[in-house]
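# Descriptive structure summary
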Amino acid sequence: MTFVFGEAQLEGIGSIVSTKRLENEFYGGAPDKHLLMERLLKEATHEFGHTFNLYHCFIPGCVMNSSTYVENIDEKSIRFCRECETQIQKDDTRIIKD
Ligand SMILES: [Zn+2]
Ligand SMILES: [Zn+2]
C-alpha cells in the first residue's frame, strides 16, 4: 500500500483517519465541504467498526466494505449492514452504558 484513508487497531482503542485523500482538491476537483464531511464520516465509522473487531465486509453498501479508491467510499453507505450491526451488538461489553 502506498497510502491509507485510515487505520485502526482491530478490537483495540486506537484509530486514525486522514482527510488528505478525501478532499476533492486532491484529485483536481472543486472543493466540496459536504462531500468531504460525508466521506470523513464514512471512514471514521469504518475505522470505528474495526475497533469493534469487525473485518472487511463484502455486502454491497455496508460501511465496512474496503475502499481502495475514493470512488469506493462514495459508493458505500454510512451504515453497517445487518450482519455487521449484529456482530457489534454481540461485542457490546465494550460499550460504556452509563
Ligand atoms: Zn478497513
Ligand atoms: Zn457489513
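Here, the structure is the one placed above.
So, a few notes on the structure that sits alongside this text.

Calculation criteria
Residues numbered from 1 in each chain as written. Chains lettered and ligands numbered in written order. Predicted model: local features only at pLDDT ≥ 70, side-chain atom pairs only at ≥ 80, totals over all residues. Heavy atoms only, no water. Donors = N, O, S within 2.8 Å, 3.2 Å for Na, K, Ca; no water. Buried < 20%, exposed > 50% of the residue type's maximum accessible area, 1.4 Å probe, protein only. Helix = DSSP H or I, 4+ residues; strand = E, 2+ residues; numbered from the N terminus. Tetrahedral: all angles 85-135°; square planar, octahedral: opposite > 155°, others 65-115°. Phe/Tyr/Trp six-rings, centres within 6.5 Å; stacked < 30°, edge-to-face > 60°. Lys NZ or Arg CZ within 6 Å of the ring centre and 35° of its normal. 1 Å grid on protein atoms, 1.4 Å probe; cavity = no way out; pocket = protein on both sides within 12 Å on 5 of 7 lines; lining within 4 Å. Points joined across faces, edges and corners; volume = space filled by probe spheres on them. Nonpolar A, V, L, I, M, F, W, Y, C, P; charged D, E, K, R; others polar.

Here the focus is the coordination of the zinc ion (ligand 1). Distances from the zinc ion (ligand 1) to its protein donors, H46 (NE2), H50 (NE2) and H56 (NE2), fall at 2.0 to 2.1 Å. On the basis of relative accessibility, which here comes to 4%, the residue H46 falls in the buried class.

With phi around 55°, E11 is a residue other than glycine that occupies positive phi space. You can call E11 partly exposed: its relative accessible area is 44%. With a phi angle near 70°, N53 is a residue other than glycine that sits in the positive phi range. Positionally, N53 belongs in the loop between α1 (33–51) and α2 (70–75). We classify N53 as partly exposed; its relative accessible area is 21%.

Protein-derived ligands of the zinc ion (ligand 2) are C57 (SG), C62 (SG), C81 (SG) and C84 (SG), with the metal-ligand distances lying across 2.3 to 2.4 Å. Coordination at the zinc ion (ligand 2) is tetrahedral, judged from the four donor atoms that bind it and the angles of 106 to 112° they form at the metal. All donors of the zinc ion (ligand 2) come from a single chain, and their spacing in sequence reads C-x4-C-x18-C-x2-C. With C62 in the loop between α1 and α2 and C81 in the loop between α2 and α3 (82–90), this pair connects stretches of sequence that are 19 residues apart. According to the relative accessible area criterion, C62 is buried, its value standing at 2%. The class for C81 is buried, based on a relative accessible area of 12%.

With that settled, consider the packing of aromatic side chains. What the rule picks out here adds up to three aromatic pairs. Ring plane angle 80° and centroid distance 5.1 Å describe the contact between F26 and Y27, whose orientation is recorded as edge-to-face. Note that R21 overlies the ring of F3, its terminal NZ or CZ placed 3.9 Å from the centroid.

Quick look at the layout of surface pockets now. Approximately 410 Å³ is the volume found for the largest pocket. What lines the largest pocket is a set of 18 residues, among which M1, V4, G6, H56 and S67 lie closest to the centre. The dominant element in the lining of the largest pocket, judged by the number of residues it contributes, is α1, at four residues. For the lining of the largest pocket, the class distribution of residues is eight nonpolar, seven polar and three charged.

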